[in-house]
Amino acid sequence: MSARDLMGGKTVLVTGGTGGIGLATATGLAGLGARVGIVGRSATRGAAAADAVRSKVPSAQVDVFEADLSAQAEVRRLAAEVKATYSRLDVLVNNVGGYWAHRHVTVDGLEHTFALNHLAPFLLTRELHDLLVASAPARAVTVSSGAQAMGRIDLDDLQGERSYNGQRAYNQSKLANVLFTYELARRLEGTGVTANVLHPGVVRTSFGHEDSGRWMRLMLPLVRPFMKTPDQGAATPIYLASSPDVDGVSGAYFANQQAKKSSNASYDRHLAHRLWEVSSTLVGIQHDNNSQLDAKDQT
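Caption draft 1: Examining the packing of aromatic side chains more closely. Going through the model one piece at a time under the given rule, you end up with seven aromatic pairs. With 5.1 Å between their ring centres and 80° between their planes, Phe-122 and Trp-276 make a pair best called edge-to-face. One end of the pair, Phe-122, is in helix H4 (residues 112-127); the other, Trp-276, is in helix H10 (residues 269-282), with 154 residues separating them in the sequence. Comparing Phe-122 with Trp-276 shows no difference in burial state: the two are buried. One aromatic cluster is present, formed by Phe-122, Phe-180 and Trp-276 through successive ring pairs. Over the face of the ring belonging to Trp-276 we find Arg-187, whose NZ or CZ atom lies 4.3 Å from the ring centre.

Rendered as C-alpha cells:
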C-alpha cells in the first residue's frame, strides 16, 4: 500500500484546523488520501485553510465547518452538520484549544479555558459517538500537552471562580484531556472505536495570542527558535489517526509517536469517573442507562 492510499476512502474531522498543528494535521491526512473536514471559528480562515491544504495536496477533498467550540450550542450544531454531511467518520481529531492569562467567561457562563480545551472535545465526541461507532473501526484522537503532568483537577473550583491563574487553568484542562480519553476508552470497549491522547511537543503556533500575559510575551521570543514546527507537531496526531501500528490500541498517551506514561493523576479512575459525571452535567447531558457511554456509570 502506498502512503497516498493509507487513508483512501476515509473521512477525518479536525477541530482547530485553520492553523498551526490542526492545519498541518489536516494537510498530512489529506496527503494520505483522507477526506478532511476542517473546523474553525471563521469561515474566511476556514476557506483559506482549505486552499492551503489544496495547494499542497491538489487532489484533496476538504470540507469547512464554521463553529466557535467554546459555545455548547455551536458544538451541537457542528455535530449535526457533520452527521448531515458525512455518512461515516473514521477519525475525530480533537485539536482545538488555547491559553488565556486572564479569566474569561463563555456564553454558557463557564470559564473559557476549561470550556474550550476540555468540555468542547468532551461534548463533540459524545455527540458524534453514534457516527463513530457506525463507522468502526474508527478512532478518536485528542491533543493534550506535556502540561498535563503539572495539572490538578480541582473539582471544587473547576471554573476558577475563587482563584484563577492562566497556567494553572491550562494545566488542569490538559490533564482533563487525558482523564477523559482514558475514561472514554474504557466506555468504548467492544465498539471498535479507539481513543488515544497525545502531547505534540512545544510547537511554534499562535498559542496564547489572544491573551498571553506579560510573562509569556517575554518568554516566547526567547524559546521560539527551539520549538517544533507545526508539521513536526502534527506528526503524532497524524500517526494516531492513520498508522496501522496503532490498530486496536486504546487508552494510551503518546509523544513523538511513542506510547508514554502520563502523570500519576491521569490514572486515577475514580477522578476520571467523577470528571465525566461533572462534565456531563456542565454540558447538560442527562445520564441515560440506555446510552453506551453512560451505561458504565452504573458499574
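Caption draft 2: Examining the packing of helix H3 (residues 72-85) against H4 more closely. Direction vectors running N to C along H3 and H4 enclose 35°, while the axes themselves pass 9 Å from each other. Along this stretch, H3 crosses H4, giving a crossing that reads as right-handed. Within the contact between the two elements, H3 uses Gln-72, Val-75, Arg-76, Leu-78, Ala-79 and Lys-83 and H4 uses Ala-120, Leu-123, Leu-124 and Glu-127. By residue class, the composition of the contact of H3 with H4 is six nonpolar, one polar and three charged.

Caption draft 3: Structural view of the sheet that holds strand S2 (residues 35-40). The sheet built from eight strands is open, its strands ordered S3-S2-S1-S4-S5-S6-S7-S8 with mixed pairing. This sheet does not close on itself; its edge strands, each paired only once, are strand S3 (61-66) and strand S8 (258-260). Neighbour-to-neighbour, the strand axes of the sheet open up by a mean angle of 25°, direction not taken into account. Bridge count between S2 and S3: six bridges; the pairing is parallel. Paired with Gly-37 across the strands is Asp-63, a residue of S3.

Caption draft 4: Representation of the packing of H4 against H10. Relative orientation of the contacting elements H4 and H10 amounts to 90°, with a least axis distance of 10 Å. As judged from the angle between their axes, H4 and H10 are roughly perpendicular. Residues Phe-114, His-118, Leu-119, Phe-122 and Arg-126 of H4 lie in contact with H10, whose contacting residues are Leu-275, Trp-276, Ser-279, Ser-280 and Leu-282. In terms of residue class, the contact of H4 with H10 is made up of six nonpolar, three polar and one charged.

Definitions and cut-offs
- Residues numbered from 1 in each chain as written.
- Predicted model: local features only at pLDDT ≥ 70, side-chain atom pairs only at ≥ 80, totals over all residues.
- Heavy atoms only, no water.
- Phe/Tyr/Trp six-rings, centres within 6.5 Å; stacked < 30°, edge-to-face > 60°.
- Helix = DSSP H or I, 4+ residues; strand = E, 2+ residues; numbered from the N terminus.
- Buried < 20%, exposed > 50% of the residue type's maximum accessible area, 1.4 Å probe, protein only.
- Lys NZ or Arg CZ within 6 Å of the ring centre and 35° of its normal.
- Axes fitted to C-alpha atoms, helices over the stretch in contact; angles between N-to-C directions.
- Left-handed = near helix turned anticlockwise from the far one by under 90°.
- Contact = heavy atoms within 4.5 Å.
- Nonpolar A, V, L, I, M, F, W, Y, C, P; charged D, E, K, R; others polar.
- Pairing = 2+ DSSP bridges.
- Parallel < 35°, antiparallel > 145°, perpendicular 65-115°, else oblique.

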